[in-house]
Amino acid sequence: MKTVHEVEALTGVSVRTLRYYDQIGLLKPSALSAAGYRLYDDEALDRLQQILLYRELQFPLKEIARMLDSPAYDRSHALGHQAQLLTLKKERLEKLIELTRRIQIMGGNTLDFSAFDTKKIDEYSALAREKWGDTEAYREFEQKHSGRSREEELRTGADMMQIFADFGSLQDRDPASDAAQALVQRLRDFITAHDYDCTPQILSGLGQMYAAEGEMRDNIDRAGGPGTAVFAAEAVRIYCEQF
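Residues numbered from 1 in each chain as written. Predicted model: local features only at pLDDT ≥ 70, side-chain atom pairs only at ≥ 80, totals over all residues. Heavy atoms only, no water.

Asks: Would you explain the nonpolar core in this entry?
Replies: Among soluble globular proteins, nonpolar side chains are generally buried collectively. Judged by nonpolar contacts, the single largest core of 27 residues is most densely connected at Phe164, Phe167, Leu187, Ile191, Leu203, Leu206 and Tyr210. Those elements giving two or more residues to this core turn out to be helix 8 (150-168), helix 9 (178-194), helix 10 (200-211) and helix 12 (228-240). Top element by residues in this core is helix 12. It accounts for 8 residues. Residues within four places of Phe167 in sequence aside, it is in contact with Ala180, Leu183, Val184, Leu187, Thr228, Phe231, Ala232 and Ala235. Listed in part, the 23 residues of the second largest apolar core include Val4, Leu18, Leu26 and Met67. (Core = buried A, V, L, I, M, F, W, Y, C linked by side-chain atoms within 4.5 Å. Buried < 20%, exposed > 50% of the residue type's maximum accessible area, 1.4 Å probe, protein only. Helix = DSSP H or I, 4+ residues; strand = E, 2+ residues; numbered from the N terminus. Contact = heavy atoms within 4.5 Å.)

Structure, rendered in structure tokens:
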């Protein structure tokens, strides 16, 4: 157990901020000392780390609380989201630095605004909110999954993996081909039928997840063979461009 002052020294989060997090229910202390001081165990510190990662990504505190307290919250998948978002932010900052240096060297105006584009970051942030936040999509997801037996969940998961196996069988074709795009539509329809309304925005974010390093990519490649996740992600990207 660590006191608020020890947590402050370890994390850089002020005692005042820790007290505020307690007041709003975002981070409750694990226990109170005999003198009434807040104490934090490793589980609380792990939650604080998640909070700080989402704060770094500029998520509002209320949204962070809803996501962390959601029954659907998966820490492993969340870390994958966070890593991808931080990577996108890093790439954007590098582009801004490069643009600034170009302007400095050229000594005039450079009419290049691509470095200011936050579309990818916004899409990935929206996906996290849709997946774990208090949204209509999450409520629909919870409603659809609550009435299913374990056998039904396993069968649904197997059906999803079959779609990715079918993606794997198309890798010798262009991801923009009619067959690949029809399979993206089938994927979207499947998610809508079994999870939540799979809007183009959500589907775009899912496509980015498929290609990102991690468990999801590994599972997709096991279903369809090496390279399936990247192929499926590219097919999804092309599909979503029409909206």
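Asks: Just to check I follow, could you spell out the pattern of salt bridges for this structure?
Replies: Side chains that differ in charge, positive against negative, can pair when their charged atoms come close. Applying the stated criterion across every chain, the model contains 6 salt bridges. Across the salt bridge formed by Asp22 and Arg38, the nearest N and O atoms sit 2.8 Å from each other. Remark: Arg38 occurs in strand 3 (residues 38-40) and Asp22 occurs in helix 2 (residues 15-23); sequence separation between them is 16 residues. For Asp22, a relative accessible area of 10% translates into the label buried. Between Glu241 and Arg237 there is a salt bridge; the shortest N-O distance is 2.3 Å. (Salt bridge = Lys/Arg side-chain N within 4 Å of Asp/Glu carboxyl O.)

Asks: I tried to follow the sheet that holds strand 3 on my own but got confused; where do I start?
Replies: Strands pair in a sheet through their backbones, by hydrogen bonds, and they do so in one of two ways: parallel or antiparallel. Ordered by their spatial adjacency, 3 strands build an open sheet running 1-3-2, and the pairing between neighbours is antiparallel. Unpaired on one side and paired on the other, strand 1 (2-3) and strand 2 (31-32) mark the two borders of the sheet. Taken together, the 2 bridges between strand 1 and strand 3 define a ladder with antiparallel strand orientation. Looking across to strand 3, one finds that Thr3 is bridged to Leu39. (Pairing = 2+ DSSP bridges.)

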